[in-house]
Amino acid sequence: MTDRAESWRFRGHIAGLGTAEGTRVVLGLWPHSPLGPFADVMVERPDGHRLLLAPSAEVAEFVGATYQFDEVVLVPVAVRRAGPRWHVTAGHLELRVVVGRRTPLGHLLRLVPAPLAASLAWARATGAIARVLLPGVRTVGSAGGGRLEWYGARDVRRVVAARVRWDGADLGGLRPVRPPTRFGFSSTPARPSVVAVVTTVRWPAPS
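Scoring rules and cut-offs
- Residues numbered from 1 in each chain as written.
- Predicted model: local features only at pLDDT ≥ 70, side-chain atom pairs only at ≥ 80, totals over all residues.
- Heavy atoms only, no water.
- Salt bridge = Lys/Arg side-chain N within 4 Å of Asp/Glu carboxyl O.
- Helix = DSSP H or I, 4+ residues; strand = E, 2+ residues; numbered from the N terminus.
- Buried < 20%, exposed > 50% of the residue type's maximum accessible area, 1.4 Å probe, protein only.
- Contact = heavy atoms within 4.5 Å.
- Phe/Tyr/Trp six-rings, centres within 6.5 Å; stacked < 30°, edge-to-face > 60°.
- Lys NZ or Arg CZ within 6 Å of the ring centre and 35° of its normal.
- Expected span 1.5 Å × (residues − 1).
- Bend = angle between axes of the 7 residues up to and from the residue.
- Patch = residues over 30% accessible without salt bridge, like charges linked within 9 Å, V, L, I, M, F, W, Y side chains within 5 Å.
- Areas by Shrake-Rupley, 256 points an atom, 1.4 Å probe, with all protein chains shown as cover.
- Lys, Arg positive; Asp, Glu negative; His and termini not counted.
- Charge placed at Lys NZ, Arg CZ, Asp CG, Glu CD.

**A short note on the pattern of salt bridges**
Within the structure shown, the criterion is met by 7 salt bridges. Ionic pairing is found between R24 and E44, a salt bridge with its closest N-O pair at 3.2 Å. Highlighted residues: R24 in strand β2 (residues 24-32) and E44 in strand β3 (residues 38-44), separated in sequence by 20 residues. You'll find R24 and E44 in the same group, each marked buried. Across the salt bridge formed by R182 and E44, the nearest N and O atoms sit 2.8 Å from each other.

The following block contains the structure:
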């Protein structure tokens, strides 16, 4: 893929939550991306088994090369939103989420100009703050294959209710994302939330 672009930028939302049963779920909703609009789901089961639920081979190839999974499954990933209510279906997974109010951090992030928020310099400058305010969250790290990835958060809202089913079984009530997920260099915030984010993956400069 290195012949296509030096860097790829994804704009959308990341929702992360835990369940009483121990499964942690990370939904990526990307209406603007080099791969076109898509959604994918990363699932870590209580025994540590990590799955990627991807809607296409192209998404599976890119995301699978960027993060770490024990299993990659190609399934339709559908996200339907009606106000604060999100309904997600992806293979064995059914997820219903109610998104709440913007957090104080979300209000602050909305004050940051968009070009600055998406920049590598800003991600590096805010990395230490993120480590303190959001344990488990990192803003800059490796995307594999010599690539660099960074996150620029634009907003944060709480997840106030969720119902998660796996293969028809209810996984119990909403819980924090603990332990942190192990898909890549960063987990989502421990407190269930939806983060508006700009994610950039940069390939190394040609030698």
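**With respect to the environment of H13**
By secondary structure assignment, the location of H13 is in strand β1 (residues 7-19). Along the chain, H13 and A196 lie 183 residues apart, while their C-alpha atoms are 4.4 Å from each other. In this structure H13 touches L27, G28, L29, W30, R81, W86, V194, V195 and A196, once residues within four positions along its chain are discounted.

**With respect to the environment of A20**
Relative to the elements of secondary structure, A20 occurs in the loop between β1 and β2. Distance from A20 to L174, taken between C-alpha atoms, is 6.4 Å for residues 154 residues apart in sequence. Discounting residues that sit within four places of it in the chain, A20 has contacts with L171, G172, G173 and R175.

**Observations concerning unusual backbone geometry**
In this model, R178 is joined to P179 through a cis peptide bond whose omega is -5°. Secondary-structure assignment places P179 in the loop between β12 (174-175) and β13 (193-202).

**Here we look at the packing of aromatic side chains**
Two numbers describe a pair of aromatic rings. These are the distance of the centres and the angle of the planes. This model, assessed by the stated rule, comprises 8 aromatic pairs. Above the plane of the ring of W86 lies R81, whose end atom (NZ or CZ) is 5.1 Å from the centre.

**Quick look at helix α1 (residues 57-66)**
Among the residues of α1, V59, A60, F62, V63 and T66 are the ones counted as buried. On its buried side, α1 packs onto β1, β3, β4 (50-54), β5 (71-74), β10 (148-166) and β13.

**A closer look at helix α4 (residues 120-133)**
Because an α-helix completes one turn every 3.6 residues, residues spaced three or four positions apart along the sequence face the same direction. Between its first and last C-alpha atoms α4 spans 20 Å; for 14 residues at 1.5 Å apiece the expected length is 20 Å, and the two agree. At G127, α4 shows its strongest bend, of approximately 45°.

**Observations regarding a positive patch on the surface**
Among the surface-exposed residues, R9, R11, R124 and R202 lie close enough to one another that they form a single positively charged patch. Relative to the elements of secondary structure, R11 occurs in strand β1. Assessed through its relative accessible area of 41%, R11 is described here as partly exposed.

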